[in-house]
Amino acid sequence: DAGVTQSPTHLIKTRGQQVTLRCSPISGHKSVSWYQQVLGQGPQFIFQYYEKEERGRGNFPDRFSARQFPNYSSELNVNALLLGDSALYLCASSLHGSSGELFFGEGSRLTVL
Amino acid sequence: KQEVTQIPAALSVPEGENLVLNCSFTDSAIYNLQWFRQDPGKGLTSLLLIQSSQREQTSGRLNASLDKSSGRSTLYIAASQPGDSATYLCAVPSSPTGANSKLTFGKGITLSVRP
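My aim in this report is to walk through the structure given alongside it, one point at a time.

The rules behind the values
- Residues numbered from 1 in each chain as written.
- Chains lettered and ligands numbered in written order.
- Predicted model: local features only at pLDDT ≥ 70, side-chain atom pairs only at ≥ 80, totals over all residues.
- Heavy atoms only, no water.
- Helix = DSSP H or I, 4+ residues; strand = E, 2+ residues; numbered from the N terminus.
- Rg over C-alpha atoms; globule rule 2.2 N^0.38 Å.
- Buried < 20%, exposed > 50% of the residue type's maximum accessible area, 1.4 Å probe, protein only.
- Contact = heavy atoms within 4.5 Å.
- Areas by Shrake-Rupley, 256 points an atom, 1.4 Å probe, with all protein chains shown as cover.
- Lys, Arg positive; Asp, Glu negative; His and termini not counted.
- Charge placed at Lys NZ, Arg CZ, Asp CG, Glu CD.
- Phe/Tyr/Trp six-rings, centres within 6.5 Å; stacked < 30°, edge-to-face > 60°.
- Disulfide = S-S within 2.5 Å.

1. What about the overall build of chain A?
Argument step 1. Check the secondary structure of chain A and you find 0 helices and 11 strands.
Argument step 2. Taken from N to C terminus, the helices and strands of chain A fall in the order β-β-β-β-β-β-β-β-β-β-β.
Argument step 3. Taking 2.2 N^0.38 as the reference for a compact globule, 113 residues should give roughly 13 Å; the C-alpha atoms of chain A span a radius of gyration of 13 Å, in line with that estimate.
Argument step 4. Along the longest, intermediate and shortest principal axes, the C-alpha atoms of chain A span 40 × 25 × 25 Å.
Argument step 5. Here chain A, with 113 residues, has 50% of them falling under the buried criterion.
Argument step 6. Within chain A, counting contacts between residues at least 6 apart in sequence, those at least 24 apart form 53% of the total.
Argument step 7. Total accessible area computed for chain A in this model is approximately 5,300 Å², and 50% of it derives from carbon and sulfur atoms.

As structure tokens, then:
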């Protein structure tokens, strides 16, 4: 079975642009969470979606938004990119919306110039 | 606010050594604790999940223990190999009831196993 898949794997944007990152959870998993990891730090929680509804939001500005589709895949959108948005964006899926075991994808490496 | 600390930030050991990685958390009312492995530039691989009612979990050469009262968890790696070189992170849910999957992570311990 495929694990959590994310696309694109790498991308480069310039300040002020917008980016969309995509995630497909493990088959059967209904919850998707997004995390941002900057170099040398642990991942920071951005969003969780469960059954297409937002279950939680971390301390990130409104430039960050996300959604979950009927097939449980998810998109993370970041508007008006800043240099500080450069990071590895990780998607994780879990079977339920509660704190069960999380399974992460390989991430999308975003560089903002 | 839950805080997770992992010290030291980096560790270098010779191959074959048994080692312990430490994780501490400030709020003992945790739902569970999860250990992850991260290779450079890659995603996180789940190693072990310990429920709050459990004292330890084992998978192969890995053993994780949990002491909620003292706010500590340890990851024991037996007979370390160069392939174990990676960053190891621990994480706990922010909700004590496990109502969501918002995890608080430590910064990780970067392990280097010398041949």
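Text resumes after the structure shown.
2. A few points about the overall build of chain B
Argument step 1. Counting its secondary structure elements, chain B contains 0 helices and 11 strands.
Argument step 2. Starting at the N terminus, the α and β elements of chain B follow one another as β-β-β-β-β-β-β-β-β-β-β.
Argument step 3. Against the 2.2 N^0.38 benchmark of 13 Å for 115 residues, chain B shows a C-alpha radius of gyration of 14 Å, consistent with a compact globule.
Argument step 4. For chain B, the spread of C-alpha atoms along the three principal axes comes to 45 × 30 × 20 Å.
Argument step 5. By the burial criterion, 46% of the 115 residues in chain B qualify as buried.
Argument step 6. Summarising the internal contacts of chain B: among those between residues at least 6 apart in sequence, 55% fall at separations of at least 24.
Argument step 7. Surface accessibility of chain B: about 5,300 Å² in total, with carbon and sulfur atoms responsible for 48%.
Argument step 8. Both charge centroids of chain B, one from 10 positive and one from 8 negative side chains, sit 6 Å from each other.

3. With respect to the packing of aromatic side chains
All names here are of chain B.
Argument step 1. This model, assessed by the stated rule, comprises 8 aromatic pairs over all chains.
Argument step 2. Taking the centre distance of 5.6 Å and the plane angle of 40° together, the rings of phenylalanine 36 and phenylalanine 105 count as tilted. Taken as a pair, phenylalanine 36 in strand S4 (residues 32-38) and phenylalanine 105 in strand S10 (residues 103-105) lie far apart in primary sequence, 69 residues in all. We note that phenylalanine 36, like phenylalanine 105, is buried.

4. Some words on the state of the cysteines
Residue and element names in this part refer to chain A.
Argument step 1. All told, the structure shown has 2 disulfides over all chains when counted by the stated rule.
Argument step 2. Sulfur-sulfur distance for the disulfide between cysteine 23 and cysteine 91 comes to 1.8 Å. Disulfide cysteine 23 to cysteine 91: torsion about the S-S bond roughly -65°, handedness left-handed. Of this pair, cysteine 23 sits in strand S3 (residues 19-24) while cysteine 91 sits in strand S9 (residues 87-94), and the two are 68 residues apart along the sequence. Both residues of the pair, cysteine 23 and cysteine 91, belong to the buried class.

The values are spatial; any link to function lies outside them.
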